[in-house]
Amino acid sequence: MRILVVSRYTWPEGGGAELATWYYLREMSKYFKITLISGTRNPSRDLLSRVNYVFLPGLNNSGFKLKDWIILTKYKDLLSRLIRAHDLVYIPSKNMYPAALLAKSIDPKKPVVIHVHDYQPITYTAAKFPGIEPGIKTDITYERLEHSMLKSVIVGYLSIINTVNKLAVKYADLLIFVSKRQADYVMSIMPELRGKGVVIYNPPLPIGGGSKRFSDEPTGMFMGGSSKTKGFTLLIGSLIRALRDGVKVRVLVTNYILNGIKLPSWLDGIIKVLGRIGHDELLSKLGETWFTVHPSIYEEPLPYSLLEGLFTHNLVIASRVGGIPEILSGTPMESFLFDPLSIDEFTEKIERSVSLDPGTIYDLSEKSMKIVSDRLVQSSSRFIPIISDLVNNYG
């Protein structure tokens, strides 16, 4: 049985969606012959030993979804041959949804699975903000916060082309969502998708059980760079309040920092910017921190950064949005959730974390990790049987 996977990036490029795809591909390769197409020049060596890899130049630096679609069109003949040669097409990348339309135009009976890691079916930017209806307003809000007014205007005009993605998910045979909150919301906007969507949590991270070496002073980790939608501005505000309250704490910041952003000099030593670092180095740093912060103001269905923090025995302080409350329900970490945009609540959670001793932090995270891990294992174990059924029915 042969499966064609079409993705813009392949791990270690990309983010949480690509990390989840890497885990799934490792599992799928045990049961199926996998051909993976992506724009990553140097994928994980471990993955290359498990799949037939096809490099598609240009995808990893195209910038706009429209350019990605043009590249797909450029390689239409190659894609068509590969689609015909495989029994199922699996699309885990938000920029590659149109490949579903190509597959169905070649063989209407060919099973197509789209793994939805965000809100791409209903917004061009794949974002969702609490209290804002999906569409052009969401897209403009996201781009204005993350980039510039100019780009928000451009994306405002491009928003209409998300119709292509909406059409693609309608033609897919199966949509895999990563949280119930995400699935319910998308299908409330597109009720025609009901009956073809399933919720499968991403697999747990195989990093638990390692040695934990708490730093001498209370230290947190924020993995959102300078992203305003991930709560960078909120973090600065909360740290200022914590300092005024006499709380000693420092926070490591990873990921991209936009040019032109300069922190006040008096925050030196309190915020340490590490920038973009490798995954192994990130996990090593998380092995020393006391807590991670996830103050997103937009809804993330199932952020892997939160799981990385939890599975390295950190407290996780997170805004109560998206799939976060769902995945942490019934764990001690529920008490560390706060309302999005509430600096007072966020500051209180940071101060509470700093007041705890490392032993207590370890115990709370261990209890939470076991509950979450069992939840993820039980859910993600459904992935292979569901894919197998689709392939067998086609055959």
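Details of the structure are given in the entry above.
Residues numbered from 1 in each chain as written. Predicted model: local features only at pLDDT ≥ 70, side-chain atom pairs only at ≥ 80, totals over all residues. Heavy atoms only, no water.

Engineer: So, the sheet that holds strand 6 (residues 174-177): which residues are in play, and what are the values?
Structural biologist: Strand order in the open sheet formed by 7 strands is 3-2-1-4-5-6-7, and the pairing between neighbours is parallel. Bordering the open sheet on either side are strand 3 (52-55) and strand 7 (197-199), each of which pairs with just one other strand. With direction set aside, neighbouring strand axes in the sheet form an average angle of 20°. Two elements, strand 1 (residues 2-6) and strand 2 (residues 33-38), share 5 bridges in a ladder whose sense is parallel. The residue bridging Val6 from the neighbouring strand is Ile37, located in strand 2. Its contacts with the sheet place helix 4 (residues 76-84) against strand 1, strand 2, strand 3 and strand 4 (88-91), and it is angled at close to 165° to strand 2. (Pairing = 2+ DSSP bridges. Helix = DSSP H or I, 4+ residues; strand = E, 2+ residues; numbered from the N terminus. Axes fitted to C-alpha atoms, helices over the stretch in contact; angles between N-to-C directions. Contact = heavy atoms within 4.5 Å.)

Engineer: Go over the packing of aromatic side chains with me, naming the residues and quoting the values.
Structural biologist: Inspection of every chain in the model, using the stated rule, returns 10 aromatic pairs. Pairing Phe214 with Trp290 gives two aromatic rings, centres 6.1 Å apart and planes at 85°, and the pair type is edge-to-face. Separated by 76 residues along the polypeptide, Phe214 in the loop between strand 7 and strand 8 (219-222) and Trp290 in the loop between helix 11 (279-286) and strand 11 (291-294) bring together distant segments of the chain. You can call Trp290 buried: its relative accessible area is 6%. With 4.6 Å between their ring centres and 10° between their planes, Phe338 and Phe346 make a pair best called stacked. Three or more aromatic residues joined by ring pairs form one cluster here, namely Trp22, Tyr23 and Tyr304. (Phe/Tyr/Trp six-rings, centres within 6.5 Å; stacked < 30°, edge-to-face > 60°. Buried < 20%, exposed > 50% of the residue type's maximum accessible area, 1.4 Å probe, protein only.)

Engineer: Can you explain unusual backbone geometry? Please cite residues and give values.
Structural biologist: A negative phi angle characterises most non-glycine residues, just as the trans form characterises most peptide bonds. Residue Pro12 is bonded to the preceding Trp11 through a cis peptide linkage, with omega at 20°. Checked against the element boundaries, Pro12 lands in the loop between strand 1 and helix 1 (16-28). In this structure, Asn255 takes a positive phi of about 90° despite not being glycine. Checked against the element boundaries, Asn255 lands in the loop between strand 9 (250-254) and strand 10 (271-275). Located in the positive-phi region is Leu341, a residue other than glycine, with phi close to 75°. Along the chain, Leu341 turns up in the loop between strand 13 (337-338) and helix 14 (343-355). Using a relative accessible area of 61% as the deciding quantity, one classes Leu341 as exposed.

Engineer: Could you give an account of the side chain of Ser93, with specific residues and numbers?
Structural biologist: Mapped onto the secondary structure, Ser93 falls in the loop between strand 4 and helix 5 (98-106). Those residues in contact with Ser93 that lie beyond four places of it in its chain are Val6, Ser7 and Arg8.

Engineer: So what about the nonpolar core? Which residues, and what values?
Structural biologist: Of all hydrophobic cores here, the largest spans 73 residues; its most connected members are Ile3, Met28, Tyr90, Phe291, Leu328 and Phe383. Counting residues per element, this core draws most heavily on helix 1, at 7 residues. The contacts of Tyr90, once residues within four sequence positions are left out, are Ile3, Leu4, Val5, Val6, Tyr24, Met28, Val113, His115 and Phe383. Formed by 36 residues, the second largest nonpolar core is a distinct cluster that contains Leu4, Val6, Tyr119 and Ala183. (Core = buried A, V, L, I, M, F, W, Y, C linked by side-chain atoms within 4.5 Å.)

Engineer: So what about the packing of helix 5 against helix 8 (residues 163-171)? Which residues, and what values?
Structural biologist: Here helix 5 crosses helix 8 at 50°, and the two axes come no closer than 8 Å. Judged on the interaxial angle alone, helix 8 and helix 5 are oblique. Where helix 5 crosses over helix 8, the handedness of that crossing is left-handed. Of helix 8, the residues touching helix 5 (which contributes Pro98, Ala100, Leu101 and Lys104) are Val164, Asn165, Leu167, Ala168 and Tyr171. Its residues assigned to classes, the contact of helix 5 with helix 8 shows 7 nonpolar, 1 polar and 1 charged. (Parallel < 35°, antiparallel > 145°, perpendicular 65-115°, else oblique. Left-handed = near helix turned anticlockwise from the far one by under 90°. Nonpolar A, V, L, I, M, F, W, Y, C, P; charged D, E, K, R; others polar.)

Any functional reading would require information that these geometric values do not contain.
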